[in-house]
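A structural walkthrough
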Amino acid sequence: MRTFPQAQTAACPRRRNAEPTMAQLVGPLRKELADSLFSCRVLVVGAGGIGCELLKNLVLTGFKNIEVIDLDTIDVSNLNRQFLFQKKHVGKSKAQVAKESVLRFCPSANITAYHDSIMNPDYNVEFFRNFQLVMNALDNRAARNHVNRMCLAADIPLIESGTAGYLGQVTVIKKGQTECYECQPKPTQKTFPGCTIRNTPSEPIHCIVWAKYLFNQLFGEEDADQEVSPDTADPEAAWNPADAAARATASDQDGDIKRVSTKEWARSTGYDPVKLFNKLFKDDIMYLLTMDKLWKKRKAPLPLDWTEIQQIESSQEEACGTGLKDQQVLGVQGYTQLFRRSVETLRSQLIEKGEGAELVWDKDDPPAMDFVTAAANLRMNVFSMNMKSRFDVKSMAGNIIPAIATTNAVIAGLIVLEALKILNSDFDQCRTIFLNKQPNPRKKLLVPCALDRPNSNCYVCASKPEVTVKLNVHKTIVQALQDKILKEKFGMVAPDVQIEDGKGTILISSEEGETEANNNKFLSDFGIRNGSRLQADDFLQDYTLLVNVIHSEELEKDVEFEVVGDAPDKAPAPSAPEEGKNIANGNKDSAQPSTSSKAAAEDDDVLIIDSDEEPSSSTMEASPESSNRKRKHHDADDAASKRKRLDQQPADDDEDIIALD
């Protein structure tokens, strides 16, 4: 009988576990560079999709002194691409497990792991100065902004990276020589008007946002800005609330339409799933129908009734689609039962936590995800949209672009190549490199671009950062200045604010409780008026920002402030939606069945520039017209091919390619 040898790793366990030789590690690197790899200290921020590949690449290239930090723990959903983790590691620290796994590749490496947030004050400027190089493998903009500022303050080179589906990007940031991460506009996360979420949803994402709001209102921290009941102040519905309320036929038995908080009402029912269901999907919808002006040009919603749904034959409720359970779309009855089960589970969790407890929504928490999936799909059905699979809902609810393991591997390799250039003192050879979804006419997926010079208007890396903010000093309170403007908008972590009034009045202090009495006072109470100047310092980031105040009483509705001038906030506005097809409530997507392969649009926001001259990274964001002018091809068919590719770019390419892992 013919026999076959076992795989080499099984037959030769000693060889599999043996540490690679120095020659294998450094390969063709010259001795001076190889020596620098062994001596330098590098910081890797993030141990997820890119981070796992990067840590493996670093030790196999010859880096010996590595520190890695990540706040997350390992989830089952990570295992398909974060190869340093196994099922037995679920729930453990990503940074710690990544360290242990990488040491099996190179046991002599000196790796320190931190299960912590990089924004912890312990990791200050002095901490960053311990390293010769910092490499980002992050998945959120707040942390990216913070690391960018810390590296600028410590004057340490930073290699920034990110992936989005098949797209990827690597760039190098060095103080005074290149753009920093915040030099160019970053599109803000999409938001939707409250009246759209509460009254007239037209896209599945509107229903998913509503369902997440509902989770918080029922089980989490209540937020007045996340109300889910019908919006009686909808400017589009010029109607009389008193008359409409009288016409509403909501039943007292299943939950009426009293204007009380959602959580208060839910508690009074004992979180009864049937009463919750009938209020949310029957009574509230009937109340919306009384706002008849809303439905003159829209398809009116169709209320759901719990009793009627229970009478549906189960044979009529087969799941749509095949394959994994998460990729199936249930029927109305299926989502009704999922709603009931998730409410009962969440209610039990709330009781276990005790009086006054709150739950936090997490896309990786099964009961929370079940609740949002069920509630969102039931609302989609009410508003005549095709329902979505749990996979699709999770992708949209968690702002997820599906991660591709090979993309992470390519980007991690490019990070190491840029690191070698820096350590070899070849900074002039460093590039911004884009990984595209399709090859360009020269059959290349990777497009290198020259690094751009710093933006003189950047409010982070300019020699004297300064911004101008327009607001109403009589309506803006100190708390809003701190939380919404300085922290949320300008990325500060612990700001101290002093008024330049000749007295040095302290408006905000990062010391707990020191200026708490100021929080609910208006800016005008401190003499702040048109033309006032505020000096905001963040000692953790070693960052000072001068804020010029312009008083205005003519801001648009629901706009609390505006950044005036050239601050890096002016991302290109998305194109107007395509008109023509009026499906359901105007939602083009609602006419399409749910397909998990399209769970999140992988927008090509990197235009392919292929010219005889090396472009700068800023030209990669040029318009199709301007990029065409840069090309120097004489082949007409080739040029036409490129124009066709650019013309096919999605109309709403406004996703930041380096905002997601």
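Residues numbered from 1 in each chain as written. Predicted model: local features only at pLDDT ≥ 70, side-chain atom pairs only at ≥ 80, totals over all residues. Heavy atoms only, no water.

We count it as follows: UniProt positions are given in the numbering used here, feature names are shortened, and annotations may be inferred rather than shown by experiment.
For the chain, the name recorded in an unreviewed UniProt entry is SUMO-activating enzyme subunit 2, with Sinocyclocheilus rhinocerous as its organism. UniProt annotates the chain under Function (unreviewed entry) with the comment "The heterodimer acts as an E1 ligase for SUMO1, SUMO2, SUMO3, and probably SUMO4. It mediates ATP-dependent activation of SUMO proteins followed by formation of a thioester bond between a SUMO protein and a conserved active site cysteine residue on UBA2/SAE2." The record held by UniProt for the chain lists under Pathway (unreviewed entry) the comment "Protein modification; protein sumoylation."

Observations regarding the sheet that holds strand β14 (residues 561-564)
Counted only if it meets this: A pair of strands is considered paired only if DSSP assigns at least 2 bridges between the two. Only DSSP runs of H or I reaching four residues or more are called helices, and only runs of E reaching two or more are called strands; each is numbered from the N terminus. Each axis is a line fitted through C-alpha atoms, taken for helices only over the stretch in contact, and angles between the N-to-C directions span 0 to 180 degrees.
Strand order in the open sheet formed by 6 strands is β11-β10-β12-β13-β9-β14, with mixed pairing between adjacent strands. The two strands at the open ends of the sheet, each matched to only one other strand, are β11 (506-508) and β14. Averaged over all pairs of adjacent strands, the angle between their axes in this sheet comes to 30°, without regard to strand direction.

Quick word on the nonpolar core
The condition that has to hold: What is meant by a nonpolar core is a set of buried Ala, Val, Leu, Ile, Met, Phe, Trp, Tyr and Cys residues, joined one to another through side-chain atoms within 4.5 Å. Type-normalised accessible area, obtained with a 1.4 Å probe on protein chains alone, sets the label of each residue: buried when under 20%, exposed when over 50%, and partly exposed for intermediate values.
Counting 53 residues, the largest nonpolar core has Trp210, Phe219, Phe281, Phe339 and Phe371 as its most contacted members. When residues of this core are traced back to their parent elements, those giving at least two are α10 (204-219), α12 (262-268), α13 (273-289), α14 (306-310), α15 (332-353), α16 (366-382) and α17 (390-397). Counting 52 residues, the second-largest nonpolar core is a separate cluster that includes Ile118, Val147, Met150 and Cys151.

Concerning the sheet that holds strand β7 (residues 431-435)
Overall, mixed pairing links the 8 strands, which are arranged β3-β2-β1-β4-β5-β6-β7-β8 in an open sheet. Two strands in the sheet have a free side with no partner beyond their single neighbour: β3 (110-114) and β8 (446-450). Shown here is a sheet whose adjacent strand axes are inclined to one another by a mean of 15°, direction ignored. Across 4 bridges, strand β1 (residues 41-45) lies against strand β4 (residues 133-136) in parallel orientation. Paired with Val42 across the two strands is Leu133, which belongs to β4.

Overview of α17
What counts here: Note on contacts: a residue pair is in contact if any heavy atoms of the two residues lie within 4.5 Å.
Within the span of α17, buried status applies to Arg390, Asp392, Val393, Ser395 and Ala397. Lining the buried residues of α17 we find α10 and α16. One or two steps after α17, the chain reaches Asn399, where phi turns positive at roughly 50°.

Some thoughts on a nonpolar patch on the surface
For clarity, the cut-off: Patch criteria: residues need more than 30% relative accessible area and no salt bridge. Like-charged residues are merged within 9 Å; nonpolar side chains of Val, Leu, Ile, Met, Phe, Trp and Tyr are merged within 5 Å. To be clear on the numbers: accessible area is Shrake-Rupley with a 1.4 Å probe, and residue cover counts the displayed protein chains and nothing else. Note on definitions: salt bridges are taken to be side-chain nitrogens of Lys or Arg within 4 Å of carboxyl oxygens of Asp or Glu.
Together, Leu60, Phe83 and Phe105 make up a nonpolar patch on the protein surface, roughly 220 Å² of accessible area in all. For Phe105, the position within the fold is in the loop between α6 (94-103) and β3. On the basis of relative accessibility, which here comes to 30%, the residue Phe105 falls in the partly exposed class.

Some words on the UniProt feature "binding site: Zn(2+)" (unreviewed entry) in the chain
Per the UniProt record, "binding site: Zn(2+)" (unreviewed entry) is found at Cys180, Cys183, Cys458 and Cys461. Across 282 residues, the annotated set stays spatially compact, with a maximum C-alpha separation of 8.5 Å. Tracing the sequence through the fold places Cys183 in the loop between β6 (167-173) and α9 (194-198). Exposure remark for Cys183: the relative accessible area of 1% places this residue in the buried category. Here Cys461 shows up in the loop between β8 and β9 (466-471). Note on Cys461: relative accessible area 25%, which makes it partly exposed.

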